[in-house]
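# Coordinate inspection notes
In case you want the letters, here they are:
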Amino acid sequence: MSDIKKRPVILDGDPGHDDAIAWVLAATCPEFDIKAITTVAGNQTLEKVTYNARRIAALLHLDIEVAKGRNRPLCGDLIIAPNFHGETGLDGPKLPEPHLPLSSLSAIEMMAKVLRESEEKVTIISTGAQTNTAALLIAHPELHEKIEMISTMGGGLRNGNWTAGAEFNILVDPEAAHIVAHSGLPVQMCGLDVTEKALVYPEEWDRIRALHNPVAEVVAGWFDFFFIHVSSLGWAGATTHDPCAVMSLVHPEIFDIRDYYVDIELNGKYTRGATVADFDNISGNKPNMRCVVGLNREKFVDYLVEACSRFEGWEI
Ligand code: BDR
Ligand code: CA
């Protein structure tokens, strides 16, 4: 494992059950060197998601201080999702208390520091609103060249999940998503096109529970909680959104990825926050996004189970 060239990554999200599962996956990837964990308001208030991020870091024994990001979108008011993630933003299994203090740096300062100090280009994995990333890009144009890729969970080329046209992460901060989309940097978008196909069924997270290690049991408990609301919407499995933004970097071969020019609707009365893809290249614009639109679901589940198996003998 030691001869694997590690890819420096920043985990930026709003945990949130699926963010948490994405971070479990990231923590087990020998390909990743996690340089920072940063939080952004979205699934719950900034205070709540930051506390959750610190408890996840403790669960995973990640010796990385969490840096608190923006508490609201660049424009307008914050939307939160307690119906999906509960009052704490991460209801369900009991978690250890934070093992490290909160970073004295803001998320944007932390991201800038990581980029400045890294010899390799850094990948930002954004599983919440893109507010921190957009603020970083605006504040530090000199650091754009240090970004390898921005891998996002957000949007949906064919549908939304919060309104008919908009997916939650983009709807929380459409202006931020617009800045990221037009940054000229490589952006990978795991939208609902793939994440609503990344279903994990109850009998499959029972495979995770059956691993009988403390992290696997917590992950199974997160699925249990998340599924309460998701199943009430008619889904037979848990829509495992955020882990796609991690897994598509590590196992791109199991995903269907296409380049499109995608814009973010900022004004529409019914369509604000929609991600509009120019499928037939009518505009003639060069593609600005690698859009992940499908996957081999069984392999996705197998990799998830395998990731959870790596915590055998873990103590929390
Ligand atoms: C996205 O919204 C949040 O509730 C999830 O954590 C995920 O990032 C799915 O639309
Ligand atoms: Ca999220």
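In this numbering scheme, every chain counts its residues from 1 along its sequence in written order. Following the order in which they are written, the chains are lettered starting with A and the ligands numbered starting with 1. Per-residue local features are limited, in this predicted model, to residues with pLDDT of at least 70; the limit for side-chain atom pairs, both in listing and counting, is 80 or more; totals at the level of whole chains, interfaces and linings are taken over all residues. Neither water nor hydrogens contribute to the side-chain values; these are computed over all heavy atoms in the structure.

### Here's the deal with the environment of Gly155
- Residue position: Gly155 is located in the loop between β5 (147–153) and α6 (168–172).
- Burial classification: accessible surface area is computed with a 1.4 Å probe over protein chains only, and a residue below 20% of its type maximum counts as buried, one above 50% as exposed, and the rest as partly exposed. Note on Gly155: relative accessible area 0%, which makes it buried.
- Considered as a pair, Gly155 and Gly69 are 86 residues apart in the sequence and their alpha carbons are 21 Å apart.
- In what follows, residue pairs with any heavy atoms lying within 4.5 Å of each other are defined as contacts. In this structure Gly155 touches Glu167, Ile170, Met189, Gly191, Leu192 and Thr275, once residues within four positions along its chain are discounted. Put simply, DSSP H or I for four residues or longer makes a helix, DSSP E for two residues or longer makes a strand, and each gets a number counted from the N terminus.

### Some points on the pattern of salt bridges
- Counted as salt bridges are all cases of a side-chain nitrogen of Lys or Arg within 4 Å of a carboxyl oxygen of Asp or Glu. With the rule as written, the count across this model stands at 13 salt bridges.
- Taken together, the shared-partner salt bridges in this structure form one network comprising Glu204, Arg297 and Glu298.

### Focus: helix α1 (residues 17–28)
- If you check α1, its first and last C-alpha atoms are 17 Å apart, about what 12 residues at 1.5 Å a residue would give, namely 16 Å.
- Within α1, 11 of the 12 residues are buried, which leaves it mostly tucked inside the rest of the structure.
- Along α1, the positions that sit buried rather than exposed are His17, Asp18, Asp19, Ala20, Ile21, Ala22, Trp23, Val24, Leu25, Ala26 and Thr28. Helix span is expected to be 1.5 Å times the residue number reduced by one.

### Side note on the site of ligand 1
- Here a residue is considered near a molecule or strand provided that any single heavy atom belonging to it is located within 4 Å of it. Near ligand 1 the following residues occur: Asp18, Asp19, Asn43, His85, Thr127, Met153, Asn161, Glu167, Phe168, Asn169, His241 and Asp242.
- Here an oxygen atom of ligand 1 sits 3.1 Å away from a polar atom, N or O, in the side chain of Asp19.
- Polar contact is defined as a pair of N or O atoms within 3.5 Å, subject to the rule that within protein one atom must be able to donate a hydrogen and the other to accept it, and that residues adjacent in sequence are counted only when both atoms are side-chain atoms. Contacts to ligand 1 include His85, whose side-chain N or O atom sits 3.0 Å from an oxygen atom.
- Only the protein chains shown count as cover for residues, and all accessible areas are computed by the Shrake-Rupley method using a 1.4 Å probe. Protein chains bury 97% of the 280 Å² of accessible surface belonging to ligand 1 in isolation.
- In this analysis the probe radius is 1.4 Å and the grid spacing 1 Å, with only protein atoms considered; a cavity is a set of points the probe fits into but cannot get out of, a pocket is an open set with protein on both sides within 12 Å along at least five of seven lines, and lining residues have an atom within 4 Å of a point. To be counted as sitting in a cavity or pocket, a molecule needs more than half of its atoms within 2 Å of that site's grid points. With respect to the pocket detection grid, ligand 1 is positioned in the largest pocket.
- Mapped by element, the contributors of at least two residues to the shell around ligand 1 are α1 and α6.

None of the figures reported here should be taken as evidence of function without further support.
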